[in-house]
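This is what each chain is made of:
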Amino acid sequence: MLETALERALTLLRAARKLDGEAQAHALANLEAALEEDRAAARGQSGHGADKADDVLVEIDQGGYLIGWNPGAEAMFGYSPAEAIGQHVLFLYCADDEDADIAELFPSQLGGLTEVRRRKKNGDVIWLQLVLTPAHDAAGQPRGMLVQMSPAGLLDGDAKQRLHARIIEDSEQGVLITDHLERIVSVNSAFTRITGYSQSESIGRTPDLLRSGTHDAEFRGRVRAAMRGHGTWRGEIIGRRKNGELFPQSVTVSVVRDPNGEITNTFSLFSDISVHKDAEARMQRMANYDSLTGLPNRSLLNHLFGQVLAASRRNNDRGALLVLDVSRIGAISDTLGHELANELIGTIGVMLRMALRDADILARIDGCKYAIGLQAVGTREQAGLVARKLLDLLAAPITVGGHSLKVNADVGIATYPEDSADTATLMHCAEMALARASESGAGILFYREEMDLSARENMLLETELRQALAGNQLELHYQPKVSLRSGRIVGAEALIRWRHPERGMIRPDVFIPLAEESGLIVEIGNWVLEEACRQVRQWMDEGLAMPPIAVNLSARQFDTGLPARVQAVLERHGVLPGQIMLEITESLLVRGADLVITIMNQLVAMGMALALDDFGTGYSSLAYLKKFPISVLKIDRSFVTGLPFDEHDCAIARAIVTMARQLRQEIVAEGVETREQMTFLRELGCDQLQGYLFSPAALASDFAQMQREGKRLMVTAEVQKV
């Protein structure tokens, strides 16, 4: 047997290693000549003759190693012959190609077409058709394969048919083909996988074997029109699998015509979109339903109630939108945990749903806030009855997680068409009524136009208040505090006033609550302290010896940074701590004793005196007064008004004075306007008074003049005037 080219090459290489330089060069030349002789013989045997410039022709040996690489191959793949020859053909394969059967060595049909993916030197992936021809040596012995390549797009008729058949069979889409009589003539493997019907169970039957019965005649008519050639139809259909299960499918239906235009076949391409539909449903639910209660959210409420309003316009119906806010959920969360509070919110949702009609809409629109849409309600009173029913339901203790929990609730009501016929406007009206119900403690309030006007006025006033801060429209007035023993001025309270350029003087009880709600109170409080210290410094520079000036603090100002801020203002104006007194309200005392005591002690350590304002109107008790370093207690004007004739006011005033004296605190009574009130308070042992009996709050210049003149209050029984 003659040696193959590879065997001869190996023999010559072994011999060349034993020769000297000139002989070795001669041997290598013989090797190259032998290889060229073999290539020429192979080309002659295969009938290809000389390579054409644009032919892509490679040769591999029986092990799959490249031994031939023509210019066409170099142009197609980008590798030079030196880079390619000697490599295994697998270096042209893509990383994810199966290499169990090397296409260039094990063709499915010699002389036939094989479609493959291959990778170029630059990394691009291309589709190729391979034509394989066995290669033999001069002795006729097999030595490998000649592989002719061309781009996959250049297909002849038979190749196209084979390629299309393969694509259809391997497609992820189900394919169903019928003849002109609508009998199934072909299905692919995806059809069987999706529907459960095998090819033998489907051929010869009609597509009705997948019919679900869920579509009406009009819908089926549109599909059948496409099957009869009236244009392609695309859409979604509910089909039925072999096991009876219904499933959604995305379907395209079209026809195939012969050269005469007659319909020969109809084909349907379809995909099972169950997973897509499930995901879509989940997304839809997340977008439209509250995850905690399962109730519609605000977005879905707007849609559903919009439909109700549209129907009401057609039917001349009346209805209402209620917004219900449940309180104390935050306190329950803080004490018993967030999870139990969430369970309570869910339980309340169930209770409300069970108390309403099926036609009524219930949605959770905020943390503890629910909206109820009532349709076909005859009168406003009926909406009020529903609201009362819901509040009564929530008034009883609710058992959750072994705890019996008590909540409170308020309801705001807007009606249609009276208040509005628009969902967003009705919601605005109902929430405005809810806010007023919460503020007033009424529990249930219907929207009134005055509420909206008031809200707009407050918004305008808030804007103007911000401008007042920047535009020097605020000023301090000083109301003297007078000793009930000597009648002399012993202090003053700095009271803010707003001199509006158009509205005139605006009372503090109008804008201070608005400032508290909007957060402006912090900025206003800082301004008051700054202005009071500036004024004290000015009086000092004028040579006036002024008593301590009291400045009110908001609870919003009372944080860990307060002592440092106060110290900075005092130092900036050169004012001593004893010249300023800080007044705080009772509500501050229940915000967390440890933190409040720490801040108070820091202020007292600086030399500041602290007064408790409006005592008796909130949550004060002897326990608080024992804990906090308060030196002055102020009796609120609401308890002074009825003195000395109202026995309840008298009893309260007597108790406050007794308590303060036991704790060795000074007592100041606010709002004293008559001598009878003054006499009663002096006899009780009250130390100071503040009110119109002596002077209203005065301008800084007027207060300074009082001090210069030594103005006094005559406190003896014989003198009847100031």
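Residues numbered from 1 in each chain as written. Predicted model: local features only at pLDDT ≥ 70, side-chain atom pairs only at ≥ 80, totals over all residues. Heavy atoms only, no water.

Chemist: For this particular structure, what's the right way to read the overall build of the protein chain?
Modeler: Across its full length, the protein chain holds 24 helices and 26 strands. Counting the 722 residues in the protein chain, one finds 43% classified as buried. Accessible surface for the protein chain amounts to roughly 37,300 Å². Of this, 52% is attributable to carbon and sulfur atoms. (Helix = DSSP H or I, 4+ residues; strand = E, 2+ residues; numbered from the N terminus. Buried < 20%, exposed > 50% of the residue type's maximum accessible area, 1.4 Å probe, protein only. Areas by Shrake-Rupley, 256 points an atom, 1.4 Å probe, with all protein chains shown as cover.)

Chemist: Whenever I open this one, the layout of surface pockets confuses me. Can you help?
Modeler: Where empty space is left in the structure can be found by rolling a water-sized probe over the atoms. Quantified by volume, the largest pocket comes out at close to 1,100 Å³. Around the largest pocket sit 35 residues that line it, and Glu493, Leu495, Pro508, Ile512 and Asn552 are the ones nearest its centre. Secondary-structure elements contributing two or more residues to the lining of the largest pocket are β18 (474-483), β19 (489-500), β20 (504-506), α16 (508-518), α17 (520-541) and β23 (609-615). Its residues assigned to classes, the lining of the largest pocket comprises 15 nonpolar, 10 polar and 10 charged. (1 Å grid on protein atoms, 1.4 Å probe; cavity = no way out; pocket = protein on both sides within 12 Å on 5 of 7 lines; lining within 4 Å. Points joined across faces, edges and corners; volume = space filled by probe spheres on them. Nonpolar A, V, L, I, M, F, W, Y, C, P; charged D, E, K, R; others polar.)

Chemist: I would appreciate a short explanation of the side chain of Arg364 in the present structure.
Modeler: Summarising the element assignment, Arg364 is placed in strand β12 (residues 361-366). Engagement of the side chain of Arg364 in a polar contact is seen with the side chain of Asp290, the distance being 2.9 Å. (Polar contact = N/O pair within 3.5 Å; in protein donor to acceptor, adjacent residues only side chain to side chain.)

Chemist: Would you take a moment to explain the nonpolar core for this structure?
Modeler: Generally speaking, a soluble globular protein has its nonpolar side chains buried in company with each other. Counting residues in hydrophobic clusters, the biggest one holds 78 residues, and the most contacted among them are Tyr478, Trp539, Ile549, Phe558, Ile580 and Leu603. The leading source of residues in this core is α17, at nine residues. In this structure, Leu295, Ile332, Leu362 and Val377 belong to the second largest nonpolar core, which totals 34 residues. (Core = buried A, V, L, I, M, F, W, Y, C linked by side-chain atoms within 4.5 Å.)

Chemist: Looking at this structure, I do not really get the confidence of the model for the protein chain. What am I missing?
Modeler: Predicted coordinates in areas of low pLDDT are best not read in detail. Looking at the protein chain, pLDDT values average 82 and 84% of them are 70 or higher. Per-residue pLDDT stays below 50 along residues 12-19; that stretch engages in nine contacts with residues further than four places along the chain or on separate chains. Within the model, the stretch residues 717-722 combines pLDDT values under 50 with 10 contacts to residues more than four positions away or in other chains. (pLDDT = per-residue confidence, 0-100. Contact = heavy atoms within 4.5 Å.)

Chemist: Quick question: what am I supposed to make of the packing of helix α11 (residues 329-336) against helix α12 (residues 338-355) here?
Modeler: Describing two packed helices takes the angle between their axes plus the distance from one axis to the other. Orientation of α11 relative to α12, taken along the N-to-C sense of each, is 145 degrees, at an axis distance of 7 Å. Contacts from Ile329, Ile332, Ser333 and Leu336 of α11 reach α12 at His338, Leu340, Ala341, Leu344, Ile345 and Ile348. Classifying every residue of the contact of α11 with α12 gives eight nonpolar, two polar and no charged. (Axes fitted to C-alpha atoms, helices over the stretch in contact; angles between N-to-C directions.)

Chemist: Explain unusual backbone geometry here, please?
Modeler: Peptide bonds are trans in most cases, and residues, glycine excluded, mostly fall at negative phi. Note that the residue after Tyr416, namely Pro417, is joined by a cis bond; omega there is 5 degrees. Residue Pro644 follows Leu643 across a cis peptide bond; omega there is -5 degrees. With respect to the element layout, Pro644 can be found in the loop between α21 (637-640) and α22 (647-662). The phi angle at Glu182 is positive, at roughly 65 degrees, despite the residue not being glycine. Owing to a relative accessible area of 18%, Glu182 belongs among the buried residues under this scheme. Although it is not a glycine, Asn316 sits at a positive phi angle of roughly 60 degrees. Along the chain, Asn316 turns up in the loop between α10 (298-315) and β11 (319-327).

Chemist: How should I be thinking about the packing of α12 against helix α13 (residues 380-395) in this particular structure?
Modeler: α13 packs onto α12 with a crossing angle of 140 degrees between their chain directions and a minimal axis gap of 11 Å. One element, α12, and the other, α13, form an angle in the oblique class. α12 and α13 meet at a crossing whose hand is right-handed. Of the residues in α13, those in contact with Ile348, Met351, Leu352 and Ala355 of α12 are Lys389, Leu390, Leu393 and Leu394. (Parallel < 35°, antiparallel > 145°, perpendicular 65-115°, else oblique. Left-handed = near helix turned anticlockwise from the far one by under 90°.)

Chemist: Just checking my understanding: could you explain the sheet that holds strand β7 (residues 184-187) for this structure?
Modeler: Sheet strands line up and pair through hydrogen bonds in the backbone, either parallel or antiparallel. Spatially, the five strands line up as an open sheet ordered β7-β6-β10-β9-β8, and their pairing is antiparallel. Both edges of this open sheet fall to β7 and β8 (233-240), since each of them pairs with a single strand only. This sheet shows a mean twist of 30 degrees between the axes of neighbouring strands, independent of strand direction. Where strand β6 (residues 174-179) meets β7, three bridges bridge the pair, whose relative direction is antiparallel. (Pairing = 2+ DSSP bridges.)

Chemist: It is not clear to me how the packing of aromatic side chains should be interpreted in this structure. Could you clarify?
Modeler: We describe a pair of aromatic rings using the distance from one ring centre to the other and the angle between the two ring planes. Taken as a whole and judged by the stated rule, the model has nine aromatic pairs. The interplanar angle of 40 degrees and the centroid separation of 5.6 Å between the aromatic rings of Trp69 and Phe77 together place this pair among those described as tilted. You'll find Trp69 and Phe77 in the same group, each marked buried. Taking 5.7 Å as the distance between ring centres and 50 degrees as the angle between the ring planes, the aromatic pair formed by Trp539 and Phe703 counts as tilted. Of the two residues, Trp539 is situated in helix α17 and Phe703 in helix α24 (residues 700-709); the sequence distance between them amounts to 164 residues. Neither residue differs from the other here; Trp539 and Phe703 are each classed as buried. Here the aromatic residues Tyr478, Trp539 and Phe703 are joined through ring pairs into a cluster of three or more. The ring of Phe247 carries the charged tip of Arg241 above its face, separated from the ring centre by 4.2 Å. The ring of Phe694 has Lys711 lying over it, and the distance from NZ or CZ to the ring centre is 4.9 Å. (Phe/Tyr/Trp six-rings, centres within 6.5 Å; stacked < 30°, edge-to-face > 60°. Lys NZ or Arg CZ within 6 Å of the ring centre and 35° of its normal.)

Chemist: Quick question: what am I supposed to make of the pairing of strand β1 (residues 56-61) here?
Modeler: Two faces, one strand: in a regular strand the side chains alternate between the faces of the sheet. Along β1, six of the six residues are buried, which leaves the element largely enclosed by surrounding structure. Covered by surrounding structure in β1 are Val56, Val58 and Ile60 together with Leu57, Glu59 and Asp61, the residues of both alternating faces. As paired strands, β1 and strand β5 (residues 142-151) are joined by six bridges and run antiparallel to one another. When the sheet's bridge partners are listed, Val56 is paired in β5 with Met149. Pairing of β1 with strand β2 (residues 66-69), which is carried by three bridges, proceeds in the antiparallel orientation. Along β2, the bridge assignment pairs Glu59 with Gly68. Linking β1 back to β2 in an antiparallel pair, the connection comprises four residues, with Gly64 at a positive phi of about 95 degrees.

Chemist: Would you mind going over the pairing of strand β22 (residues 580-585) with me for this structure?
Modeler: Burial analysis of β22 places five of its six residues in the buried class, which makes it a mostly covered element. Note that strand β21 (residues 549-552) and β22 share four bridges and pair parallel. Pairing of Asn552 across the sheet is with Glu583, part of β22. The parallel pair β21 and β22, bridged by helix α18 (residues 562-573), forms a crossover whose chirality is right-handed. One ladder, built from five bridges, connects β22 with β23; its direction is parallel. (Right-handed = clockwise from strand over helix to strand, strands pointing away.)

Chemist: Is there a simple way to think about the pattern of salt bridges in this case?
Modeler: Side-chain pairs of opposite charge can arise whenever the charged atoms involved come near each other. Applying the stated criterion across every chain yields a total of 28 salt bridges. Taking the shortest distance from any N to any O, the salt bridge between Arg318 and Glu418 comes out at 2.4 Å. Of this pair, Arg318 sits in the loop between α10 and β11 while Glu418 sits in the loop between β16 (408-416) and α14 (423-440); the two residues are 100 residues apart in sequence, bridging distant segments of the chain. (Salt bridge = Lys/Arg side-chain N within 4 Å of Asp/Glu carboxyl O.)

Chemist: Hey, could you run me through the sheet that holds β12 in this one?
Modeler: As summarised here, the arrangement of the five strands in space is β12-β13-β11-β16-β17, forming an open sheet in which the pairing is mixed. Looking at the sheet topology across the chains shown, the edges are occupied by β12 and β17 (444-446). The mean angle between the axes of side-by-side strands here comes to 20 degrees, regardless of whether they run parallel or antiparallel. Note that β11 and strand β13 (residues 369-374) share six bridges and pair antiparallel. In the sheet register, Leu324 faces β13, and the bridge partner there is Tyr370. Sheet strands touched by α10: β11, β12, β13 and β16. Its angle to β12, the strand with the most contacts, is close to 140 degrees.

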